[in-house]
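Each chain, letter by letter, is given below.
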Amino acid sequence: MVRKLDDAQRAALFARFPEWTHEPVRDGITRRFRFDDFAQAFGFMASVAIIAEKMDHHPEWSNVYNRVDILLTTHDAEGLSERDVALAEAIEALL
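Let me sum up the structure you'll find in this document. (Residues numbered from 1 in each chain as written. Predicted model: local features only at pLDDT ≥ 70, side-chain atom pairs only at ≥ 80, totals over all residues. Heavy atoms only, no water.)

Attention now goes to the overall build of the protein chain. The helix and strand inventory of the protein chain stands at three helices and four strands. In the protein chain, the succession of helices and strands from N to C terminus is α-β-β-α-β-β-α. For a compact globule of 95 residues, the expected C-alpha radius of gyration is about 12 Å, and the protein chain comes in at 13 Å, within 12% of that figure. The principal-axis extents of the C-alpha atoms in the protein chain amount to approximately 40 × 25 × 25 Å. Per-residue burial over the protein chain gives 39% buried out of 95 residues. In the form shown here, the protein chain has an accessible surface area of approximately 5,600 Å², with 54% of it arising from carbon and sulfur atoms. Averaging the locations of the 11 positively and 17 negatively charged side chains of the protein chain gives two centres separated by 1 Å. (Helix = DSSP H or I, 4+ residues; strand = E, 2+ residues; numbered from the N terminus. Rg over C-alpha atoms; globule rule 2.2 N^0.38 Å. Buried < 20%, exposed > 50% of the residue type's maximum accessible area, 1.4 Å probe, protein only. Areas by Shrake-Rupley, 256 points an atom, 1.4 Å probe, with all protein chains shown as cover. Lys, Arg positive; Asp, Glu negative; His and termini not counted. Charge placed at Lys NZ, Arg CZ, Asp CG, Glu CD.)

What follows is the structure in structure tokens.
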């Protein structure tokens, strides 16, 4: 069973990844990424997709030209979990 992050884990998450913001309605984290063009944005999404598939934890996202918006939340936990932390860490490593 996947558990929600406790208060200390949440504080550590936001201290570690200040570019990510809390989305309270979904109890998730969001970040907007901007690239030079559509090809770079799409390439980034393809790289994230490969990682997400291996982790069996998939982002909610959208892409408009050079922008990629990502929301991470864990449906099974009804909010933020360690799975979101791990995926955010992997996404950040791509940059």
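With that out of the way, let us pick up the sheet that holds strand β2 (residues 28–34). Taken in spatial order, the four strands line up as β1-β2-β4-β3 in an open sheet, and their pairing is antiparallel. Only two strands of the sheet have a single neighbouring strand rather than two, namely β1 (21–23) and β3 (60–64). Pairwise comparison of adjacent strand axes, ignoring direction, gives a mean angle of 25 degrees for this sheet. Set on the sheet, helix α3 (residues 82–94) makes contact with β2 and β4 (67–72); between it and β4 the angle comes to about 155 degrees. (Pairing = 2+ DSSP bridges. Axes fitted to C-alpha atoms, helices over the stretch in contact; angles between N-to-C directions. Contact = heavy atoms within 4.5 Å.)

This part takes up the side chain of D27. Within the secondary structure, D27 sits in the loop between β1 and β2. Discounting residues that sit within four places of it in the chain, D27 has contacts with K4, R10, H22, T73, E78, G79 and L80.

Here the focus is α3. Taking 1.5 Å per residue as the helical rise, α3 with its 13 residues ought to reach 18 Å, and the 19 Å between its terminal C-alpha atoms agrees with that figure. For α3, every residue scored as buried is listed here: D84, V85, L87, A88, A90, I91 and E92. The secondary structure elements touched by the buried residues of α3 are α1 (7–16), β2, α2 (38–55) and β4. (Expected span 1.5 Å × (residues − 1).)

These figures capture arrangement, not role.
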